[in-house]
Amino acid sequence: MTKTVIIGTNHAGIAAANTLLDNYSDQEVVMIDKNTNLSYLGCGTALWVGRQIDSYENLFYTNKEAFEEKGAKIYMGTTVESIDFTKKIVHCENAEGIFDENYDKLILATGSKLISPNIPGKDLKNVEFLKLFQDGQAVDKAIGQSDVKNVAVIGAGYIGVEIAEAAKRRGKNVLLFDAAERCLPNYYDTWFTQDMDRVLGENGIELHYNELAKEYLGQEKVEAIVTDKGEYPVDLVINAIGFVPNNNLGKAHLDLFNNGAYLVDLHQQTSDPDVYAVGDCSTVYSNALEETTYIALATNAVRSGIVAGHNIGGTPLESIGVQGSNGISIFGYHMVSTGLTVQATEKAGFNVKYTEFEDLQKPGFMKENNKVKIRIVYEESSRRILGAQMASYEDISMGIHMFSLAIEEKVTIDKLKLLDIFFLPHFNQPYNYITMAALSAD
């Protein structure tokens, strides 16, 4: 028997555990997590808080008992104090006391840590963060208070924009702050984010970009936020600034990426051959960049857990790399992207071109018809596709999967020009927007 200890039981750790337990009978699996719950789909928090879904129960897709039925030993509410990598011992503590677990193989699935701004007033009541299920509960409870009328959201990334929508749907006056000049800059170029900013503004969210939070004011509860541009009365602050890799347990022993993530190979193996790292605490290989990078997404976490599980189980398996495919839907406006934006390619040193197109999704005679816009980014010399972005009130989300595969397979922009794309008025136009964008490429 091979004993594998998995530290962390969210998406990546769960995928690794299921892979081992479902496919390899010679595996003894021990799972450890300091949280009291597992498998929470945090991407659904805003849907629950905004009452777009009835409750949070279905945001949990498995439980402790499910793994115990498969034969795993699982410790919840348990802190890993340290790891002796030489002796292969994990030192743990929970309400029942201190204990050790030895291992043959170790999987670090410790995820990420919140970025917490160290500014005056951060310990006031109603200054909340958003990551765990318990954080969602706290935010939901605070928004439900009748005396909470003005809500400040700090950070205009995915989580910040989504929770701003949720608070607005609950009838609050919402102010969205970010030090950047626009929302969602990591995934979309300005041509797209200007539309999302318009959607946010049209739905009553007050935008405060290029504005840095300096202080929270109040006696016991927060009463105002002070930025470098002004002071605003608020009753609740929700911090959604972002995350960094949680490398606390292994940073002194394992090789790290430039942002502190555990550096792994395509097998998810770290610099210690008996230690694997998966999910948000580890690196990924970007097919667009053609190099190792860091992209924290739940889908990447699941894939990395599967890869680590099979390799530990005895089936050699390499990651095929990722594109960072993602999407967001706010007040019915959908945006999806994969690979690199123009801004990201320039930062990475690529010489790129891009082609873009905007048109109705379906022929003009069709009812319930909305505009769709697309941008395809490609390398000037090789002409391989490096990224794509799409947006519409129509559901165009599945289209981005084709571009994800195109990046992985190094498809050129010219290959798309006469791609066999079907036409039916219920779905699209005879001159499809993907075709038209590709045909207009230089």
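Please read these numbers as outputs of a predicted model, since none were measured by experiment.

1. Examining the overall build of the protein chain
Here is step 1 of the chain: Each helix and strand counted, the protein chain has ten helices and 25 strands in total.
Here is step 2 of the chain: In terms of overall size, the protein chain behaves like a compact globule, its C-alpha atoms giving a radius of gyration of 23 Å where 442 residues would be expected to give roughly 22 Å.
Here is step 3 of the chain: Across the protein chain, every contact between residues at least 6 apart in sequence was considered, and the portion connecting residues at least 24 apart equals 64%.
Here is step 4 of the chain: Summing over all exposed atoms, the protein chain offers an accessible surface of approximately 20,000 Å²; the carbon and sulfur share of this is 49%.

2. Let's talk about the side chain of threonine 293
Here is step 1 of the chain: Along the polypeptide, threonine 293 turns up in strand 20 (residues 291-293).
Here is step 2 of the chain: When its relative accessible area of 15% is taken as the criterion, threonine 293 is described as buried.
Here is step 3 of the chain: Not counting residues up to four positions away in its chain, the partners in contact with threonine 293 are Phe257, Thr283, Val284 and Ser286.

3. Thoughts on the sheet that holds strand 3 (residues 73-75)
Here is step 1 of the chain: Pairing in this open sheet of five strands is parallel, and the strands run 3-2-1-7-18 from one edge to the other. Edge strands, defined here as strands with exactly one partner in the open sheet, are strand 3 and strand 18 (275-277). Here the average twist between neighbouring strands, direction ignored, is 15°.
Here is step 2 of the chain: The pairing of strand 7 (residues 105-108) with strand 18 spans three bridges and is classified as parallel. The partner of isoleucine 107 across the bridge, within strand 18, is tyrosine 276.
Here is step 3 of the chain: Across the sheet, helix 1 (residues 11-23) touches strand 1 (2-7), strand 2 (27-32) and strand 7, and the angle it forms with strand 2 is around 160°.
Here is step 4 of the chain: In the packing of helix 7 (residues 298-313) onto the sheet, the strands contacted are strand 1, strand 2, strand 7 and strand 18, and the crossing angle to strand 18 comes to about 160°.

4. Here's the deal with the side chain of threonine 19
Here is step 1 of the chain: Inspection of the secondary structure assignment puts threonine 19 in helix 1.
Here is step 2 of the chain: For threonine 19, a relative accessible area of 6% puts it in the buried group.
Here is step 3 of the chain: Polar contacts involving the side chain of threonine 19 include one to the main-chain carbonyl oxygen of alanine 15, which spans 2.7 Å.
Here is step 4 of the chain: Ignoring any residue separated from it by four or fewer positions in sequence, one finds threonine 19 in contact with Tyr24, Gly305, Ile306, Gly309 and His310.

5. Considering the pattern of salt bridges
Here is step 1 of the chain: Scanning all chains against the criterion turns up 22 salt bridges.
Here is step 2 of the chain: The partner of aspartate 195 in a salt bridge is lysine 373, with the nearest N and O atoms 2.6 Å apart. Of this pair, aspartate 195 sits in helix 6 (residues 190-202) while lysine 373 sits in strand 24 (residues 371-379), and the two are 178 residues apart along the sequence. Lysine 373 shares its class with aspartate 195; the two are buried.
Here is step 3 of the chain: One connected set of salt bridges, linked through shared partners, spans Asp195, Arg198, Glu202 and Lys373.

6. Some remarks on the pairing of strand 22 (residues 333-339)
Here is step 1 of the chain: Burial analysis of strand 22 places five of its seven residues in the buried class, which makes it a mostly covered element.
Here is step 2 of the chain: With five bridges joining them, strand 21 (residues 326-330) and strand 22 adopt antiparallel strand pairing. Of the residues in strand 22, the one forming a bridge with glycine 327 is valine 336.
Here is step 3 of the chain: Hairpin connection from strand 21 to strand 22: two residues lie between these consecutive antiparallel strands, with phenylalanine 331 at a positive phi of about 50°.
Here is step 4 of the chain: Here strand 22 runs beside strand 25 (residues 385-392); their pairing, made up of six bridges, is antiparallel. What sits directly across from threonine 338, in strand 25, is alanine 388.

7. Some words on the sheet that holds strand 25
Here is step 1 of the chain: Strand order across the open sheet formed by five strands is 21-22-25-24-23, with antiparallel pairing between neighbours. Of all strands in the sheet, those with a lone pairing partner are strand 21 and strand 23 (352-360), marking the two edges. Each neighbouring strand pair of the sheet contributes to a mean axis angle of 10°, computed without reference to strand direction.
Here is step 2 of the chain: Pairing of strand 23 with strand 24, which is carried by nine bridges, proceeds in the antiparallel orientation. When the bridges of strand 24 are listed, threonine 355 appears paired with isoleucine 376.
Here is step 3 of the chain: The strands touched by helix 6 within the sheet are strand 21, strand 22, strand 23, strand 24 and strand 25, with strand 24 carrying the most contacts at an inclination of about 150°.
Here is step 4 of the chain: Against the sheet, helix 9 (residues 399-408) engages strand 22, strand 24 and strand 25, with an angle of about 175° to strand 25.

Definitions and limits used
- Residues numbered from 1 in each chain as written.
- Predicted model: local features only at pLDDT ≥ 70, side-chain atom pairs only at ≥ 80, totals over all residues.
- Heavy atoms only, no water.
- Helix = DSSP H or I, 4+ residues; strand = E, 2+ residues; numbered from the N terminus.
- Rg over C-alpha atoms; globule rule 2.2 N^0.38 Å.
- Contact = heavy atoms within 4.5 Å.
- Areas by Shrake-Rupley, 256 points an atom, 1.4 Å probe, with all protein chains shown as cover.
- Buried < 20%, exposed > 50% of the residue type's maximum accessible area, 1.4 Å probe, protein only.
- Pairing = 2+ DSSP bridges.
- Axes fitted to C-alpha atoms, helices over the stretch in contact; angles between N-to-C directions.
- Polar contact = N/O pair within 3.5 Å; in protein donor to acceptor, adjacent residues only side chain to side chain.
- Salt bridge = Lys/Arg side-chain N within 4 Å of Asp/Glu carboxyl O.

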